[in-house]
Amino acid sequence: IRRRYRPLINRMAESCDLRIVDQSNYDVALCEDYRRLHRLAAGRETRSRKSFEVMYEMIEKGEAFLILLENRQKKEKGAFLFYQVNGFVHYSSGARYPISSASEGLGHLAFWQAIQ
């Protein structure tokens with residue numbers, strides 16, 4: 001990790017609730033939170049519901065996982081989806097809403113969590 005990202009990650013880790021949704025704790029309601037956040041962040045529907053359902057199936061099968069972040073005031077949110085393929089993890093998709101300077105570091109925390 002770049003040295004300058006460490007304080008961002010640490011600050012977000014202290015101020016956010018983090019939840020990882022994977023095969024062991026699969027919950028379609030949490031996956032739907034991701035879809036709604038994705039729509040809010042984009043300002044419109046950018047992908048079909050079916051594409052999200054395919055991602056949900058991958059999570060349920062253990063082929064993907066979702067990282068959900070929310071600050072203590074329940075205002076800043078982030079959701080990040082990662083695929084697991086042949087022992088490697090690949091970033092797939094993410095959404096943050098609302099976008100503000102306070103959300104800086106959400107992505108860094110999600111990526112660090114995915115690496116761990």
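Above: the structure in question.
Caption draft 1: Examining unusual backbone geometry more closely. With phi around 50°, Asn86 is a residue other than glycine that occupies positive phi space. If you trace the backbone, Asn86 turns up in the loop between strand S3 (77-85) and strand S4 (88-97). By relative accessible area, which is 73% here, Asn86 ends up exposed.

Caption draft 2: The arrangement of the pattern of salt bridges in detail. Within the structure shown, the criterion is met by 7 salt bridges. A salt bridge links Arg39 to Glu45; its shortest N-O distance comes to 3.4 Å. Given a relative accessible area of 45%, Arg39 falls into the partly exposed group. Taking the shortest distance from any N to any O, the salt bridge between Glu70 and Lys77 comes out at 3.5 Å.

Caption draft 3: Inspection of the packing of aromatic side chains at higher detail. Scanning the entire structure with this criterion turns up 5 aromatic pairs. Geometrically, the ring pair formed by Phe65 and Phe82 is stacked, given 5.3 Å between the ring centres and 20° between the ring planes. With Phe65 in strand S2 (residues 64-71) and Phe82 in strand S3, this residue pair connects regions lying 17 residues apart in the sequence. For the pair Phe65 and Phe82, a shared accessibility class is recorded, and that class is buried. These aromatic residues form a ring-pair network of at least three members: Phe65, Phe82, Tyr91 and Phe111. Lying over the aromatic face of Phe52, Arg47 brings its terminal NZ or CZ to 4.3 Å of the ring centre.

Caption draft 4: Structural context of the environment of Tyr56. Relative to the helices and strands, Tyr56 is located in helix H3 (residues 49-61). Sequence separation between Tyr56 and Leu30 is 26 residues; the distance between their C-alpha atoms is 9.9 Å. What Tyr56 contacts, discounting residues up to four positions off in sequence, is Tyr26, Val28, Cys31, Glu32 and Arg35.

Caption draft 5: Structural context of the nonpolar core. Grouped together as the largest cluster of nonpolar side chains are 16 residues, with contacts concentrated most on Val21, Tyr34, Ile59, Leu66, Leu68 and Leu81. Contributing elements (two or more residues each) for this core: helix H2 (28-42), H3, S2 and S3. Not counting residues within four places of it along the chain, the set of residues in contact with Leu66 comprises Arg19, Ile20, Val21, Leu30, Cys31, Tyr34, Ile59, Phe80 and Leu81. Core analysis: the second largest hydrophobic core is formed by 12 residues, Met12, Phe82, Leu106 and Ala114 among them.

Quick notes on the rules
Residues numbered from 1 in each chain as written. Predicted model: local features only at pLDDT ≥ 70, side-chain atom pairs only at ≥ 80, totals over all residues. Heavy atoms only, no water. Helix = DSSP H or I, 4+ residues; strand = E, 2+ residues; numbered from the N terminus. Buried < 20%, exposed > 50% of the residue type's maximum accessible area, 1.4 Å probe, protein only. Salt bridge = Lys/Arg side-chain N within 4 Å of Asp/Glu carboxyl O. Phe/Tyr/Trp six-rings, centres within 6.5 Å; stacked < 30°, edge-to-face > 60°. Lys NZ or Arg CZ within 6 Å of the ring centre and 35° of its normal. Contact = heavy atoms within 4.5 Å. Core = buried A, V, L, I, M, F, W, Y, C linked by side-chain atoms within 4.5 Å.

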